[in-house]
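Now for the letters of each chain:
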Amino acid sequence: MMIGVDLAKAVFQLHAASMTGQLRFCKKLSRQSFLKFMAEQPRAVVVMEACGSAHYWAREMTSLGHEVKLIAPQYVKPFVKRQKNDAADAEAIVIAAQRPEMRFVEPKSAEQQGRAMLFRARTRLVQQRTELVNMLRAFLYELGHVVPQGINNVSRIAAIITEPNSDLPEIARIECRDLLEQIEAMTVRIATSDRRIKDLAGQADMARRLQTMPGVGPMTALAVEAFAPPMESFKCGRDFAAWLGLVPKQHSSGGKTRHGRVSKAGQSDIRQLLIMGAMSRLNWMGRKSISETSWLARMLARKPRMLVAIALANKMARMIWAMLTKQEDYRTPATAIAA
């Protein structure tokens, strides 16, 4: 039997059907009675949308002996019949899950979700600090002081505000000092998060292995560990790169293949960090380690740097898949060929 569950905060809608499609039951249960009801059911395939609390309920259903499958909501929507309601959603979940070509989302462990929370909390702090810095720059610009972008220029802002002979009004000085204090407090919290991330990346064997690759640091290693499913769920490295959104978007028809820009349809956190790591390898310091006969050097000679960075990030994603599936550290191309 397959049981489709439309998750919510208080009321859960269930739609059960046999593997051939015959309806078994439709039920609406409260949050308190849902777990008790599922514990009384014989072993079944429980299907849910990969939405809020789905990974928690996946772990709970697995502990009860059920087989759990999660489906991305965009894959369920085409199977909803006419009106949108909880019963129709639960039925659509079952119909979508019975398709042989359907793709499913791997459930996450509680440890993975905790690492994801740490990563997202740090990202929020960085964004809020950037907003405050830009607000300070805008205030000073209105009063005739131009400060370049970047967190490294906060010291220049502080010098303008604290200058004894500055032409800033006193009320403007007070507000700007308050913003500087908030920025300093956020910087301390970001540094604390960085230390936690570095410590976690040093404890896990997967994160340690990933950091042997040039352009991959503790942040990228933790993001792969927190957001990526097991690499065994991908058939090849290109599938992992496609999951990240690092492959060209296709507009093919009539036997003609047309490739556009990168799709950006996958996991944005890992993709962004891989591109940043690739850009670090293409700056003036990182180029010293690039062999003149490598494909990377040949691309740099004839292509824009950002395009080369995307190609390098794609290659890094494929290498990550190979390293984790084969349980091997990174090897330079010359070493790999010699081996």
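Structure first, text after, so check above.
Residues numbered from 1 in each chain as written. Predicted model: local features only at pLDDT ≥ 70, side-chain atom pairs only at ≥ 80, totals over all residues. Heavy atoms only, no water.

Undergrad: Please clarify how the packing of helix H5 (residues 110–142) against helix H7 (residues 170–203) should be interpreted in this entry.
TA: Helix packing geometry: the angle between the two helix axes and the distance between the axes. Interhelical geometry of H5 versus H7 gives an angle of 155° and a closest axis separation of 9 Å. On the basis of their axis angle, the class for H5 and H7 is roughly antiparallel. As for how H5 packs across H7, the hand of that crossing is left-handed. The class makeup of the residues in the contact of H5 with H7 is 16 nonpolar, four polar and seven charged. (Axes fitted to C-alpha atoms, helices over the stretch in contact; angles between N-to-C directions. Helix = DSSP H or I, 4+ residues; strand = E, 2+ residues; numbered from the N terminus. Parallel < 35°, antiparallel > 145°, perpendicular 65-115°, else oblique. Left-handed = near helix turned anticlockwise from the far one by under 90°. Nonpolar A, V, L, I, M, F, W, Y, C, P; charged D, E, K, R; others polar.)

Undergrad: What is the right way to look at the environment of Thr325 in this model?
TA: Structurally, the position occupied by Thr325 is in helix H13 (residues 305–326). Relative accessible area serves as the criterion here: at 27%, Thr325 is assigned to the partly exposed category. With 93 residues separating them along the chain, Thr325 and Glu232 place their C-alpha atoms 6.6 Å apart. A distance of 2.7 Å separates a polar atom in the side chain of Thr325 from the backbone oxygen of Trp321. A polar contact of 3.2 Å, which involves the side chain of Thr325, links it to the backbone oxygen of Ala322. (Buried < 20%, exposed > 50% of the residue type's maximum accessible area, 1.4 Å probe, protein only. Polar contact = N/O pair within 3.5 Å; in protein donor to acceptor, adjacent residues only side chain to side chain.)

Undergrad: Sorry, what's going on with the pairing of strand S5 (residues 67–71) here?
TA: Each regular strand carries side chains that alternate between the two faces of the sheet. With five bridges connecting them, strand S4 (residues 45–49) and S5 associate as parallel partners. Opposite Met48, over in S5, you have Leu70 as the bridge partner. (Pairing = 2+ DSSP bridges.)

Undergrad: Where do I start with a negative patch on the surface in this structure?
TA: On the surface, Glu175, Asp178, Glu181 and Glu184 cluster together into a negatively charged patch. Among the secondary structure elements, Glu181 is positioned in helix H7. (Patch = residues over 30% accessible without salt bridge, like charges linked within 9 Å, V, L, I, M, F, W, Y side chains within 5 Å. Areas by Shrake-Rupley, 256 points an atom, 1.4 Å probe, with all protein chains shown as cover. Salt bridge = Lys/Arg side-chain N within 4 Å of Asp/Glu carboxyl O. Lys, Arg positive; Asp, Glu negative; His and termini not counted. Charge placed at Lys NZ, Arg CZ, Asp CG, Glu CD.)

Undergrad: Quick question: what am I supposed to make of the packing of aromatic side chains here?
TA: To describe a pair of aromatic rings, one takes the distance between the centres and the angle between the planes. Under the definition given, this model contains nine aromatic pairs. With a centroid separation of 4.8 Å and 75° between ring planes, the pair formed by Phe12 and Phe34 is classed as edge-to-face. With Phe12 in strand S2 (residues 11–17) and Phe34 in helix H1 (residues 31–40), the pair connects residues that are 22 residues apart, well separated along the chain. This pair shows no difference in class: Phe12 is buried, exactly as Phe34 is. Relative to Trp243, the ring of Phe240 lies with its centre 6.1 Å away and its plane at 15°, an arrangement referred to as stacked. Of this pair, Phe240 and Trp243 are both found in helix H10 (residues 237–244), three residues apart, which corresponds to roughly one turn of the helix. (Phe/Tyr/Trp six-rings, centres within 6.5 Å; stacked < 30°, edge-to-face > 60°.)

Undergrad: Please clarify how the environment of Phe34 should be interpreted in this entry.
TA: Under the relative-accessibility criterion, Phe34 is labelled buried at 0%. Once you skip the residues sitting within four places of it in the chain, Phe34 turns out to touch Val5, Phe12, Leu14, Leu29, Trp57 and Met61. (Contact = heavy atoms within 4.5 Å.)

Undergrad: Help me understand the nonpolar core in this model?
TA: Nonpolar side chains tend toward joint burial in soluble globular proteins. Counting residues in each nonpolar core, the largest one holds 48 residues, and the members touching the most others are Val224, Met231, Phe240, Ile270, Leu274, Leu282 and Ile320. When residues of this core are assigned to their parent elements, the largest contribution, eleven residues, is made by H13. For Leu274, the contacting residues outside a window of four places in its chain are Thr220, Leu244, Leu246, Ala313, Met316, Ala317 and Ile320. Membership of the second largest hydrophobic core comes to 20 residues, among which are Leu7, Phe12, Leu14 and Phe25. (Core = buried A, V, L, I, M, F, W, Y, C linked by side-chain atoms within 4.5 Å.)

Undergrad: Sorry if this is basic, but what is going on with H10 here?
TA: Note that an α-helix has 3.6 residues per turn; residues three or four places apart therefore point the same way. Within the sequence span of H10, burial applies to Gly237, Phe240, Ala241 and Leu244. Along H10, the residues classed as buried sweep out an arc of 100° about the axis, all on the same side. Buried residues along H10 sit in contact with helix H11 (268–282) and H13. Residue Gly245 follows H10 closely and has a positive phi angle near 85°. (Arc of directions from axis to C-beta.)

Undergrad: Whenever I open this one, the pattern of salt bridges confuses me. Can you help?
TA: Two side chains carrying opposite charge are able to pair once their charged atoms lie near each other. All told, the structure shown has eleven salt bridges when counted by the stated rule. For Lys84, the salt bridge goes to Asp89, with nearest N and O atoms at 2.6 Å. Taking the relative accessible area as the measure of exposure, Lys84 reaches 62% and is therefore exposed. Taking the relative accessible area as the measure of exposure, Asp89 reaches 7% and is therefore buried. In this structure, the salt-bridge partner of Arg99 is Glu101, at a minimum N-O distance of 3.5 Å.

Undergrad: Would you mind showing me how to read the state of the cysteines here?
TA: Disulfide: a covalent bond formed between the sulfur atoms of two cysteine residues. Counting across every chain of the model gives zero disulfides. Sulfur of Cys26: no disulfide; nearest cysteine sulfur belongs to Cys51 and is 19 Å away. (Disulfide = S-S within 2.5 Å.)

Undergrad: How should I be thinking about the side chain of His66 in this particular structure?
TA: Relative to the helices and strands, His66 resides in the loop between helix H2 (54–63) and S5. Within polar-contact distance, the side chain of His66 engages the backbone nitrogen of Ala44 at 3.2 Å. If we skip the residues at most four places from it in the chain, His66 touches Met38, Gln41, Pro42, Arg43, Ala44, Val46 and Met61.

Undergrad: Explain the side chain of His55 to me, please; I cannot follow it from the model alone.
TA: Its place among the elements puts His55 in helix H2. Apart from the residues within four sequence positions on either side, His55 is in contact with Leu70, Val105, Glu106, Pro107, Lys108 and Gln113.

Undergrad: For this particular structure, what's the right way to read the pairing of S2?
TA: Most of S2 is tucked away: six of the seven residues are buried. In this structure, strand S1 (residues 2–6) lies alongside S2, joined through five bridges in antiparallel fashion. Counted as the bridge partner of Met2 is Ala17 from S2. By the bridge criterion, seven bridges tie S2 to strand S3 (residues 23–30) in an arrangement that is antiparallel. The residue of S3 that forms the bridge with Val11 is Ser30. Connecting S2 to the antiparallel partner S3 that follows it, the hairpin turn spans five residues, and Gly21 within it adopts a positive phi of roughly 105°.

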